[in-house]
Number of protein chains: 2
Amino acid sequence: MITLKLRRVAIDAYKENVAYLHRECALYRSEGFQALNKIEVRSEKGGSPVIAVLNVVDDENICRLDELGLSEQGYEQLGMPEGTAVCVSHATPPVSIRCVHKKIAGECLSFNEYMGIARDIVDNRYSKIEMAAFLVACAETGMEREEVLNLTRAMIDTGDRLDWGEQMVVDKHCIGGIPGNRTTLLVVPIVAAHGMLMPKTSSRAITSPAGTADTMEVLADVNLDPRELRDIVHRERACIAWGGNARLAPLDDILISVERPLYLDSPGQMVASILSKKIAAGATHLLIDIPVGPTAKMRSRTSALRLRKLFEYVGDRMGLHLVVVITDGTQPVGRGIGPVLEIRDVLQVLENDPSAPAGLRDKALMLAGRILEFDPDVRGGQGYVIARDILDSGRALTKLQDIIEAQGANEVPMTPGRLQYEVPAPAGGVVIGIDNKQIAHIARLAGAPMDKGAGLDLHYKLGDRVREGDPLYTIYAEILADFNFAKESAGNDMGYEIGDSYK
Amino acid sequence: MITLKLRRVAIDAYKENVAYLHRECALYRSEGFQALNKIEVRSEKGGSPVIAVLNVVDDENICRLDELGLSEQGYEQLGMPEGTAVCVSHATPPVSIRCVHKKIAGECLSFNEYMGIARDIVDNRYSKIEMAAFLVACAETGMEREEVLNLTRAMIDTGDRLDWGEQMVVDKHCIGGIPGNRTTLLVVPIVAAHGMLMPKTSSRAITSPAGTADTMEVLADVNLDPRELRDIVHRERACIAWGGNARLAPLDDILISVERPLYLDSPGQMVASILSKKIAAGATHLLIDIPVGPTAKMRSRTSALRLRKLFEYVGDRMGLHLVVVITDGTQPVGRGIGPVLEIRDVLQVLENDPSAPAGLRDKALMLAGRILEFDPDVRGGQGYVIARDILDSGRALTKLQDIIEAQGANEVPMTPGRLQYEVPAPAGGVVIGIDNKQIAHIARLAGAPMDKGAGLDLHYKLGDRVREGDPLYTIYAEILADFNFAKESAGNDMGYEIGDSYK
């Protein structure tokens, strides 16, 4: 048996392990390893083996003839020091690949079959292309609702699960796609001020210009360890933190890393992804927001209703109290897009500033109201009024300040990016269309959410009258390259449509 | 615009371009490039840009802060020297990804849509996971036969096409899966001795222990440039060469690099792959061999018939004279498995050695006979007899020797691997099953086709009577590690089943 010396190759290949062997290495020559072959790397000292995709190296500075290199994640996963003697063998395909082939052939998979796939993926036994095969097979019409339930369960069962020790733990989630939709930072303090437990763990932005965690980070530390989080939640009844520190439905994060570059967003995957994360995070009562609009993820009421039924089917069977609301997704919510600009909008609403964006305030009150109605003591239809009272009285602002203090205040300057450009209306008329996707794209190019001050500030919304040359929105950026990318993209497609009359 | 200096990173990531940026590089920090993002790399001097998947580097020895690294293929594709100033931008997704999504949604694609996908893939605009998405969407029930025709045409039209300047150019192809099935080395000299034009370009082994090109390489040079090939074919009426030097249906090779690790082998892909290669290689008359057996690719006559219809549908519409034969795939053909061992069998047949494997001889005569019947002067049913006359008279042997001489004889020693192990029958009885897949797997582990002498030599076939301890087959290897892998695999599953009586 040929052994090689372990070497850490300082390359981050994201969630895929890559192994590096020199082309002239005796093992490579003898094994007949083939393109994209997966190999199993095992330390002679024992421990779990690591599965990795093989790349061949022609430079001894990267990997010598007697070495086996592992990319950063693979190296960490093996958990052995450099120089450790390792053996390499052909990796046998993961057992559950048979189930992926069953799915490709159009068959339904059982819970145990989804569980097998989930375990193999979480244990890093799948390559990216194997995951892509699984996801595509499941995409679109490929999953019965019973299977979505099975996948949801498997996603929960392959990770940790939080227990807050209370009968009612509320949460909310929007399926996404609408820029500026920063209602969570209003809903959480309103609901917590009412006394409900709302431990909100959010993701960072994946494809959007700002996630809830990115935005909250302008005000407070969101990177809390699980114990801190628990203390804060029990003291303040709420938190707004990043969810990445707990191992909640880890399969979801891995699959997203393949779904996103493929632009896959099938209803089954979406429902399994959202519900598994929320249930693993301990939610008992959940409000789902499905925005509908021509440039939203759901383009028609029919598709939104179909998605709602799927959420309800899986949620009910998982014992979740689930309410789904279908909301207006025809345009961005609020004015600011990007962390600092969105925080400005949120604070204006909390401070009852008369210039606060009315759409953001209304939507937040409606959502908070629906969550408040999970409280058995709140009469159906009274939630909105209670939420408005909490907001108007300043109790929501106080509660957010308490949460910020508990998590640790951040001192991010509240100024938008130093580079600014106003996009002029090409003609006079009425705003008849705002393209959520293009607006989000420009804001991202401008540097959001990496640069907190980058993004867009919208000066006109649907139905507003503009004159030729009026600034439709301002682009803010910190870095010149980003600024130019964003301006160029706005030049190609500004994301606004001007016409004669709106509706 | 930030520019970086081009650097060749001596890593072979196979058919996927990988770009390397240092984590602290100003461009990486500002761009918000995400995991598995694709970037477009363009030289300031012009030329075609290169699309690559991004890996992040934490070691300045691999890629410095002011450098952009490209893996070997990507570097070659850009075609600029190291140090060239390059700009990097977000790659826009290939336009044809929309068609892949259409396919995922279950719709049929037109010729133009397949053409768009084919062009983007051949131009390296697809990542591996995007190709996996396309292939899975097409797999199994996913392709109408009209679409298979469209894909076949697109595969041909995105590559070169040979024209031999004759009205009849014959070829044969087996769908694979049966070890030791080395009939081509017999069929080509028989058919060419009759005067037909048979320019056989073959692949090297992909998942099998030996491809025709690997086996022929024991006797002659198979790596011929297109002009040499043309001269040899016109002089000898035939060749047996490796097809990788011509750009024939290049899409096929790229897709195979993803299909193989996914174990995808859908009928639509198989038909498009085989027919596009053959038509691009200039064949006008083609014999397809579909072996059927419990461990063959086609397990039932029904599935083989369905596949035959698909070959006929596409072949007819492409103007090909196509004959499909369904053959016995219940066990390996011949005795030897691996290049040297298979050549030994082939030479025994050509030399009319009484100990030559009868199965290999019969199958080769049957296939050659069917090809001879493409000749309008050969009466239906007379092909086999003519083929047998050519073989028995020694004219086939002479023809193969002429071809070898024309291609350039090789001096590979005709000895099997130095390490040998006989796998004993676990009990007395009759051989009632031989597992093609397991036998091929063991032969590959033993080192075939990389080590020409490695492989298996089968001593008993289906229906043969054995006593306990009789050597069922001998494993040959050159390298100890391979030898042990093969022995271990045979220990787990020898690939033979012994019972009371066969059929």
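Bear in mind the structure is a predicted one, so any value in this text is a computation, not a measurement.

Engineer: How would you sum up the interface of chain B and chain A? Please name residues and give values.
Structural biologist: Facing the 57 residues of chain B at the interface are 56 residues of chain A. Across the contact surface, chain B and chain A share four salt bridges. With a shortest N-O distance of 2.9 Å, Asp12(A) and Arg23(B) are connected by a salt bridge. The tally of links from chain B across to chain A stands at eleven residue pairs in polar contact (both at pLDDT 80 or more). Among the elements that make up the side of chain B that touches chain A, the one with the highest residue count is helix α5 (residues 128-138) of chain B (seven residues).

Engineer: Now, about the packing of helix α5 (residues 128-138) of chain A against α5(B): what can you tell me, with residues and values included?
Structural biologist: At a minimum axis separation of 8 Å, α5(A) and α5(B) run at an interaxial angle of 40°. The pairing of α5(A) with α5(B) is recorded here as oblique in orientation. The crossing of α5(A) and α5(B) is right-handed. Contacts between α5(A) and α5(B) involve Lys128(A), Ile129(A), Ala132(A), Ala133(A), Val136(A) and Ala137(A) from the former and Lys128(B), Ile129(B), Ala132(B), Ala133(B), Val136(B) and Ala137(B) from the latter. For the contact of α5(A) with α5(B), the class distribution of residues is ten nonpolar, no polar and two charged.

Engineer: Outline the sheet that holds strand β12 (residues 321-328) of chain A, supporting the account with residue identities and numerical values.
Structural biologist: All names here are of chain A. The parallel open sheet is built from three strands, whose spatial order is β8-β11-β12. Edge strands, defined here as strands with exactly one partner in the open sheet, are β8 (170-174) and β12. Strand-to-strand twist across the sheet, computed as the mean angle between neighbouring axes with direction ignored, equals 20°. As judged from the five bridges shared by β8 and strand β11 (residues 285-292), these two strands associate in the parallel manner. Note that in β11 the partner of Cys174 across the bridge is Asp289. Along the sheet, helix α12 (residues 301-317) contacts β11 and β12; its crossing angle with β12, the most-contacted strand, is approximately 165°.

Engineer: I'd like to hear about the confidence of the model for chain A, residue by residue, with values.
Structural biologist: Counting all residues, the mean pLDDT for chain A is 92, and 97% of those residues have values of 70 or more. At the level of chain-chain contacts, confidence expressed as ipTM amounts to 0.78, with global pTM at 0.83.

Engineer: Can you lay out the environment of Pro49(A) for me, pointing to particular residues and giving the numbers?
Structural biologist: Inspection of the secondary structure puts Pro49(A) in the loop between β4 (38-43) and β5 (50-57). Those residues in contact with Pro49(A), other than ones at most four positions away along the chain, are Glu40(A), Val41(A) and Arg42(A).

Engineer: Before we move on, could you go through the nonpolar core and cite the residues and values that matter?
Structural biologist: Grouped together as the largest cluster of nonpolar side chains are 115 residues, with contacts concentrated most on Ile290(A), Phe311(A) and Phe311(B). Each residue touching Phe311(A), except ones within four places of it in the same chain, is listed here: Ile175(A), Val271(A), Ile274(A), Leu275(A), Ile288(A), Ile290(A), Leu322(A) and Val324(A).

Engineer: If you had to explain the packing of helix α3 (residues 97-104) of chain B against α5(B) to someone new, which residues and values would you point to?
Structural biologist: Residue and element names in this part refer to chain B. Direction vectors running N to C along α3 and α5 enclose 35°, while the axes themselves pass 9 Å from each other. For α3 against α5, the interelement crossing comes out left-handed. Seen from α3, the contacting residues are Ile97, Val100, Lys103 and Ile104; seen from α5, they are Glu130, Ala133, Phe134, Ala137 and Cys138. Of the residues that constitute the contact of α3 with α5, the class distribution is seven nonpolar, no polar and two charged.

Engineer: Talk me through helix α11 (residues 267-280) of chain A; I want residue IDs and the actual numbers.
Structural biologist: Residue and element names in this part refer to chain A. Between the first and last C-alpha of α11 there are 20 Å, a value that for 14 residues agrees with the 20 Å anticipated at 1.5 Å per step. Counting buried positions along α11 yields twelve of 14 residues, so the element is predominantly enclosed. All of the buried residues along α11 are Gly268, Gln269, Met270, Val271, Ala272, Ser273, Ile274, Leu275, Ser276, Lys278, Ile279 and Ala280. Positive phi shows up at Gly282, right after α11, with a value of about 95°.

Engineer: Kindly report on the side chain of Glu147(A), identifying the contributing residues and their values.
Structural biologist: All names here are of chain A. Residue position: Glu147 is located in helix α6 (residues 145-157). Looking at Glu147, its side chain comes within polar contact range of the main-chain nitrogen of Leu109, at 2.8 Å. Contact partners of Glu147, with chain neighbours within four places excluded, come to Lys103, Glu107, Cys108, Leu109, Tyr114 and Gly142.

Engineer: Outline the pairing of strand β7 (residues 85-90) of chain A, supporting the account with residue identities and numerical values.
Structural biologist: Residue and element names in this part refer to chain A. Bridge count between strand β1 (residues 3-8) and β7: three bridges; the pairing is antiparallel. The partner of Thr3 across the bridge, within β7, is Cys87. Of the strand pairs in this sheet, β4 and β7 are connected by five bridges, and their pairing is antiparallel. Opposite Arg42, over in β7, you have Cys87 as the bridge partner.

Engineer: I'd love a proper account of the relation of the copies chain B and chain A, names of residues and values included.
Structural biologist: When chain B is fitted onto chain A, the two copies agree to an RMSD of 0.1 Å after a turn of 180° and an axial shift of 0.1 Å. Such values leave the two copies arranged in the relation of a two-fold axis. No C-alpha of chain B lies nearer the rotation axis than that of Ile129(B), which sits 2.5 Å from it. When the interface residues of chain B are mapped onto chain A, 98% of them again lie at the interface, so the same face is used by both copies.

Engineer: Hey, could you go over the pattern of salt bridges for me, with residue numbers and the actual values?
Structural biologist: Within the structure shown, the criterion is met by 54 salt bridges over all chains. Glu147(B) is the salt-bridge partner of Lys103(B), the closest N and O atoms lying 2.9 Å from each other. Placement of the pair is Lys103(B) in helix α3 and Glu147(B) in helix α6 (residues 145-157), with a sequence separation of 44 residues. In this structure, Glu236(B) and Lys399(B) form a salt bridge, with 3.4 Å as the shortest nitrogen-oxygen distance. Here Glu236(B) is found in helix α9 (residues 226-236), whereas its partner Lys399(B) is found in helix α16 (residues 395-407), with 163 residues between them in sequence. Residue classification places Glu236(B) among the buried residues on the basis of a relative accessible area of 12%. One connected set of salt bridges, linked through shared partners, spans Arg8(A), Asp12(A), Glu72(A), Arg23(B) and Asp58(B).

Reading the values: the criteria
- Residues numbered from 1 in each chain as written.
- Chains lettered and ligands numbered in written order.
- Predicted model: local features only at pLDDT ≥ 70, side-chain atom pairs only at ≥ 80, totals over all residues.
- Heavy atoms only, no water.
- Contact = heavy atoms within 4.5 Å.
- Salt bridge = Lys/Arg side-chain N within 4 Å of Asp/Glu carboxyl O.
- Polar contact = N/O pair within 3.5 Å; in protein donor to acceptor, adjacent residues only side chain to side chain.
- Helix = DSSP H or I, 4+ residues; strand = E, 2+ residues; numbered from the N terminus.
- Axes fitted to C-alpha atoms, helices over the stretch in contact; angles between N-to-C directions.
- Parallel < 35°, antiparallel > 145°, perpendicular 65-115°, else oblique.
- Left-handed = near helix turned anticlockwise from the far one by under 90°.
- Nonpolar A, V, L, I, M, F, W, Y, C, P; charged D, E, K, R; others polar.
- Pairing = 2+ DSSP bridges.
- pLDDT = per-residue confidence, 0-100.
- Core = buried A, V, L, I, M, F, W, Y, C linked by side-chain atoms within 4.5 Å.
- Buried < 20%, exposed > 50% of the residue type's maximum accessible area, 1.4 Å probe, protein only.
- Expected span 1.5 Å × (residues − 1).
- Least-squares fit on C-alpha atoms with pLDDT ≥ 70 in both.

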